[in-house]
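Structural features, examined
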Amino acid sequence: MVKADTCRRGLANGIWVLWELTKVTIPIYIFITFLKHTPVLPWVADQCAPFMSLVGLPGEASLALIMGYCLNLYAAIGVILSLDLTTKQITIIASMLLFAHHLFLESAIAKKTGVKVSGLVALRLGLSFLSGVFLNLVI
Amino acid sequence: MPVVEVLREAVTGSLYNIFQMACFIIPIMFFIEVLRDLNVLDRLAGLGAPLSRLYRMPREACLPLFAGLIFGIAFGAGVILNSIREGHLSIRDIYIINVFLVICHGVIDDTVLFIAIGAEGWLLVVPRVVTALIVCYFMSRVFKPPADHLPQPVPTAPGDGKADSPL
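Described in the following lines is the structure provided in the data block. What you see as residue numbers is a count from 1 along each chain, following the sequence as written. Note on labels: chains are lettered from A, ligands numbered from 1, in written order. In view of the model being predicted, local features appear only for residues whose pLDDT reaches at least 70, and side-chain atom pairs are presented and counted only at 80 or more, with totals across whole chains, interfaces and linings using the full set of residues. Processing note: side-chain calculations cover all non-hydrogen atoms of the structure and skip hydrogens and water entirely.

Quick look at the overall build of chain A
For clarity, the threshold we go by: Numbered from the N terminus, helices here are DSSP runs of H or I no shorter than four residues, and strands are runs of E no shorter than two. For every residue, the accessible area obtained with a 1.4 Å probe (protein chains only) is divided by the maximum for its type, and the residue is called buried under 20%, exposed over 50%, and partly exposed between those limits. Shrake-Rupley sampling with a 1.4 Å probe provides the accessible areas, and residues are treated as covered by the protein chains on show and by no other component. Counted as positive: Lys and Arg. Counted as negative: Asp and Glu, with His and the chain ends omitted from the count. Charge placement uses NZ in Lys and CZ in Arg. For Asp and Glu, CG and CD serve respectively.
Per the secondary structure count, chain A includes 7 helices and 0 strands. In sequence order, the secondary structure elements of chain A are arranged as α-α-α-α-α-α-α. With the C-alpha coordinates aligned to their principal axes, the bounding extent of chain A is approximately 60 × 35 × 30 Å. Among the 139 residues that make up chain A, the fraction classed as buried is 52%. Accessible area of chain A: about 6400 Å², with a carbon and sulfur share of 71%. Treating the 10 positive side-chain charges of chain A as one cloud and the 6 negative ones as another, the clouds have centres 16 Å apart.

Spelled out as structure tokens, the structure:
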């Protein structure tokens, strides 16, 4: 039966879960906001540019990947829109970004559930790259 | 770099982020409790029975899996935290759910973002779901389930195990 207790429990669970997530979200969010305002990400993107031909993308697209991996999908889409990509290239970069994005924050959230996250991050980055290579070959 | 400006952006941005999560998490936690008291939750978990059998997990594991698959990883993790507190999941189950969700989550809203800028939608969804299913299948075979979850998990009464929360 649905009683007042049901609502009380739902609200209590919701607030508890939200609080647990808030504790990890705020520090990471502050960190990535600072990161966004430093030249670190463009520098890393430059180092990765030569490898982009393996997934059929121009060198400049590495910035979109790095922004997506470290910050979020919106940052990556902002960069993608500034490039002139074909439908195939957009599909490739979208797939790579969907496998791995927002890594700092999402890993912190996953860690909250009690797992070791280094393996998860490696898995995501590996699958991200493989999906790019795969789609570049099949489309 | 103007530190004060950046700090202000960080604080307002993170508060906004929390607010967005609150808009999702609190109503849905509410909704889950209502479903539980109407005994709909057991039937809903039954829909995931083939998946939980495949991965040799308790039926309760499907709830965080589906929640994360549709609503995103923060929400999936929220439901996992709640399930852990209720004592339904072993560490093995938590790993399998996490691996599934990091590969594949928020399949609707994230995909739509990219369809909007011109990507092929089905090429974004199908390979990801298939990859998650396969990787988790291998994990479920490499890591053996704890003995008490086999062959069929004994359903735990709602509310049990709250006292011995591992968190």
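Text resumes after the structure shown.
Notes on the overall build of chain B
Keep this limit in mind: The contact rule is simple, with two residues in contact once any of their heavy atoms fall within 4.5 Å.
If you tally the helices and strands in chain B, you get 8 helices and 0 strands. Relative to its 167 residues, chain B shows a buried fraction of 49%. Considering only residue pairs separated by 6 or more positions, chain B has 73% of its internal contacts joining residues 24 or more positions apart.

Some thoughts on the pattern of salt bridges
Threshold: Salt bridges are identified by distance alone: a Lys or Arg side-chain nitrogen within 4 Å of an Asp or Glu carboxyl oxygen.
In total, this model carries 9 salt bridges over all chains according to the counting rule given. Note that Lys23 of chain A and Glu20 of chain A form a salt bridge whose closest N and O atoms lie 3.4 Å from each other. Linking Lys23 of chain A with Glu20 of chain A, this pair stays in helix H1 (residues 4–36), spanning 3 residues, or about one helical turn. By relative accessible area, Lys23 of chain A is classed as partly exposed at 39%. According to the relative accessible area criterion, Glu20 of chain A is buried, its value standing at 10%. What emerges from the salt-bridge pattern is a single network uniting Asp5, Arg8 and Arg9 of chain A together with Glu33 and Asp37 of chain B.

What to know about a nonpolar patch on the surface
Residue and element names in this part refer to chain B. Stated precisely, the cut-off is as follows: Exposure above 30% relative accessible area and the absence of a salt bridge qualify a residue for a patch, where like charges join within 9 Å and nonpolar side chains (Val, Leu, Ile, Met, Phe, Trp, Tyr) within 5 Å.
On the surface, Leu54, Trp122, Val126, Val130, Leu133, Ile134, Tyr137 and Phe138 cluster together to form a nonpolar patch covering roughly 740 Å² of accessible area. In terms of residue count, the dominant contributor to the nonpolar patch is helix H8 (residues 121–142) (7 residues). With respect to the helices, strands and loops of the structure, Phe138 is situated in helix H8. When its relative accessible area of 53% is taken as the criterion, Phe138 is described as exposed.

Some thoughts on empty space enclosed by the protein
Here is the rule: Only protein atoms enter the calculation, which uses a 1 Å grid: trapped sets of points that fit a 1.4 Å probe without letting it out are cavities, open sets showing protein on both sides within 12 Å along at least five of seven lines are pockets, and any residue with an atom within 4 Å of a point is a lining residue. Grid points are joined across faces, edges and corners, and a volume is the space filled by probe spheres set on the points.
Tallying each qualifying case throughout the model produces 1 cavity of 30 Å³ or more. As a volume, the largest cavity reaches approximately 30 Å³. In terms of lining, the largest cavity is formed by Glu106, Ser107, Ala110, Val117, Leu120, Val121 and Arg124 of chain A together with Val102 of chain B. Listed by contribution, the elements that provide at least two residues to the lining of the largest cavity are helix H6 (103–112) and helix H7 (118–138) of chain A.

Quick look at the interface of chain B and chain A
Quoted interface sizes are often the accessible area lost when the parts come together. Convention followed: Pairs of N or O atoms are called polar contacts if they sit within 3.5 Å, as long as, within protein, a hydrogen donor faces a hydrogen acceptor (for residues adjacent in sequence, only side-chain-to-side-chain pairs). Under this grouping Gly is polar, as are all residues other than the nonpolar Ala, Val, Leu, Ile, Met, Phe, Trp, Tyr, Cys and Pro and the charged Asp, Glu, Lys and Arg.
Taken together, the contact pairs 53 residues of chain B with 54 residues of chain A. Put simply, chain B and chain A have 2 salt bridges between them. Measuring nitrogen to oxygen at the nearest pair gives 3.0 Å for the salt bridge that ties Asp37 of chain B to Arg9 of chain A. The interface formed by chain B and chain A contains 12 residue pairs in polar contact (both at pLDDT 80 or more). Residue assignment for the side of chain B that touches chain A shows that the elements contributing at least two residues are helix H1 (3–37), helix H5 (73–85), helix H6 (91–103), helix H7 (109–116) and H8 of chain B. The element contributing the most residues to the side of chain B that touches chain A is H1 of chain B, with 19 residues. Classifying every residue of the side of chain B that touches chain A by side-chain character gives 35 nonpolar, 9 polar and 9 charged.

Thoughts on helix H4 (residues 62–71) of chain B
Residues spaced three or four apart along an α-helix face the same direction, because each turn holds 3.6 residues. Residues and elements named next belong to chain B. Along H4, the positions that sit buried rather than exposed are Cys62, Pro64, Leu65, Ala67, Gly68 and Leu69. On its buried side, H4 packs onto helix H3 (49–54), H5 and H6. Backbone geometry just downstream of H4 places Gly72 in the positive-phi region, at approximately 110°.

Some remarks on the layout of surface pockets
Residue and element names in this part refer to chain B. In this model, the largest pocket occupies a volume close to 1000 Å³. Looking at the lining of the largest pocket element by element, the count peaks at 8 residues for H1. Residues that form the lining of the largest pocket fall into these classes: 18 nonpolar, 11 polar and 5 charged.

Re the packing of aromatic side chains
To be explicit about the condition: Pairing of aromatic side chains here covers Phe, Tyr and the six-membered ring of Trp, requires ring centres within 6.5 Å, and sorts the geometry by plane angle: under 30 degrees stacked, over 60 edge-to-face, intermediate tilted. Any Lys NZ or Arg CZ that is within 6 Å of a ring centre and within 35 degrees of that ring's normal is treated as a charge sitting over the ring.
As enumerated under the stated definition, the model contains 3 aromatic pairs over all chains in all. Between the aromatic rings of Phe31 of chain A and Phe104 of chain A, the centroid separation amounts to 5.2 Å while the plane-to-plane angle is 85°, which identifies the pairing as edge-to-face. Of this pair, Phe31 of chain A sits in helix H1 while Phe104 of chain A sits in helix H6, and the two are 73 residues apart along the sequence. Ring plane angle 70° and centroid distance 6.2 Å describe the contact between Tyr137 of chain B and Phe138 of chain B, whose orientation is recorded as edge-to-face. In this arrangement the basic side chain of Arg85 of chain B is found over the ring face of Trp16 of chain A, its NZ or CZ atom lying 3.9 Å from the centre.

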